[in-house]
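# Observations on the model geometry
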Amino acid sequence: MTDERGAELLRGGGGSHRATFLELFLDVVFVFAFTRVSQRLITDVAAGGGRLPLELAQTLFLLLALWMVWSLTAWATSHYDPEQPPIQAVMIGSMFGSLVMAVSVPDAYGANGLSFAAGYVSIQLGRSLYLTVALRRHVQRHRSDRILVWSAVSAVPWLVGGLVGEDLRLLCWGVALVIDYLGVVTGWPVPRLGRASATTWTVTGEHLAERYQQFTIIALGEMIFVAGVGFSGSEFTLLRWIALVDAFATTVLLWRIYFHRAGSVLVEAVAEARQPARLGQSATWTHLTMIAGIVTTAVGYEVAIAEPAGHADVVRVTAIVGGPALFVVGRARFEYEVFGRVSRSRLIGLLLLVLGVPLLGRLPLLGIAAGVTAVLTGMAVADALRARGRPPERPASPM
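The rules we used
Residues numbered from 1 in each chain as written. Predicted model: local features only at pLDDT ≥ 70, side-chain atom pairs only at ≥ 80, totals over all residues. Heavy atoms only, no water. Helix = DSSP H or I, 4+ residues; strand = E, 2+ residues; numbered from the N terminus. Buried < 20%, exposed > 50% of the residue type's maximum accessible area, 1.4 Å probe, protein only. Contact = heavy atoms within 4.5 Å. Expected span 1.5 Å × (residues − 1). Salt bridge = Lys/Arg side-chain N within 4 Å of Asp/Glu carboxyl O. Phe/Tyr/Trp six-rings, centres within 6.5 Å; stacked < 30°, edge-to-face > 60°.

## Remarks on the environment of Val295
Note on placement: Val295 falls in helix α11 (residues 276–306). Take Val295: its relative accessible area is 2%, and that puts it in the buried class. Taking C-alpha positions, Val295 is 22 Å from Leu266, a pair spaced 29 residues apart along the chain. With residues up to four places along the chain from it excluded, the contact list for Val295 reads Phe34, Val37, Ser38 and Leu41.

This is the structure in C-alpha cells:
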C-alpha cells in the first residue's frame, strides 16, 4: 500500500462531516449493551448485601470498558474517513466485538468472562493492527503503532482475568483498565516513538461533537427502555403509573438540561476552538460522567417503578439521587468546557440533591424520585428564564 493509499484513509477537507449510517448502526449495539449494564446494576441494588460495593465495582468496570471501545471508535472515525471500505471494515469488526461484550455482560464475572475479555481485546488490538498495516508507509502509522503496543500490554491482564476466579478477575481487569485509560491520558508513550497525545490529533471536530450528542441520546433512550420494561413486567397500579410518568419526565428534563445551550452548540464550540482535539478529549471525560449518571438514574427509577411505596434504604436512595447528581456534575463541567463558566442553577441544584438526601431518605421511593424531579425541573426552569429575551449565547470555550 502506497503513501497515497494511506492518505486516502484520512479525512480530507471536503466531504460531509455528519455521522454515517454505519456509525449509527454501531450505536444500536451500544443501546443493547447499556440495557445489559443497567440490568446488572438493578440486580446488584435489589440484592444488596455485604458484597454490594464489590458488585458495583464490577459493573463499573464493564461500563468503562464499553465506553473505551465506543470513544476510541468515535475518535477513529473523526480522524479517518468512515466512507472508505477499510475503515468501514474496522467499524464492522468493532460492532461485532461490542456485541460479544454486550451479550457477555450479565455473567461477565462468571462463565462469560473470557468472551467479554476476548471481545474487548479483539477490538482494541484488531483496530490498531489493521490501521498500522493499512498505513504502513504513511506518517500517521506511528499513532496506531503506539496504541497497538499499549493494547497488547493491557490484553494480558484482560485475557488472564477472563480465566481466573471472580475476585481475581476484578483485580486483573482493574489493572487492564488502568493501563488503557492511562494510555489515553498520557498519549500512549512508547520508547523511540514518543507520545501521540489525543490533543494533537487532526480530527473533524464537528463530527466528534455530533457523536457525543448522539451517544447521550442513546443513553437517554436506554433510560426510557429500562423504565418501560420494568413497568410492563409489573402490575399496572396507580402508584406505578405515577412512577412511570415521573421517570419519563426525568428523562425529558435530563435531555433538556443537556441540550440547553451547551449541548446544542457543542458542534460550533469544537469547530471554533483553537485546539478542537483538546476540547474533544476533555468532552470525553465529561460525557463519561454524564453517561454514568444517566445509567444510574435509569436503575434508580426502575427500582421506584417496581416498588413505589418501598422502603428507602441507603442503596436505593443513592441510586435515585446519586445518578442525577453525577449527571449534574458532568453537565457543570461540560458547560465550563463550552462557555468558560458554570451556571448558578447547576451548583444550587447539585447542593439541593446532596443536602436533601437526609430528608428524602425518610420518604418512600416514589417520593424520593419526585423530589429529584422537582430539583431538575427547577434547574430547567432557571435555564429558560435566564435565556428568555436574550440572543442565543455563543460558545466561548477556554480550551
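There is more to say after this.
## Section: α11
Taking 1.5 Å per residue, 31 residues should reach 45 Å; α11 reaches 44 Å between its end C-alpha atoms and fits that length. Taken across its 31 residues, α11 has 25 buried, putting it largely inside the fold.

## Details of the pattern of salt bridges
Two side chains with opposite charge may pair up if their charged atoms get near one another. In this structure the tally under the stated criterion is twelve salt bridges. Residue Glu337 is joined to Arg333 by a salt bridge in which the shortest nitrogen-to-oxygen separation is 3.5 Å. Separated by four residues within a single helix, Glu337 and Arg333 lie in helix α12 (residues 314–339), roughly one turn from each other. The buried category is assigned to Glu337, whose relative accessible area is 0%. For Arg333, a relative accessible area of 37% corresponds to the partly exposed category.

## With respect to the packing of aromatic side chains
What the rule picks out here adds up to 18 aromatic pairs. Ring geometry for Phe30 versus Phe215: centroids 6.0 Å apart, planes at 70°, classification edge-to-face. Here Phe30, found in helix α2 (residues 21–47), pairs with Phe215, found in helix α8 (residues 205–232); they are 185 residues apart in sequence, far enough to count as distant. When sorted by exposure, Phe30 lands in the same class as Phe215, which is buried. Every member of this aromatic cluster is reached through a ring pair, and the members are Phe30, Phe34, Trp67, Trp70, Tyr212 and Phe215.

Take it as geometry only, folks, not as evidence of what the structure does.
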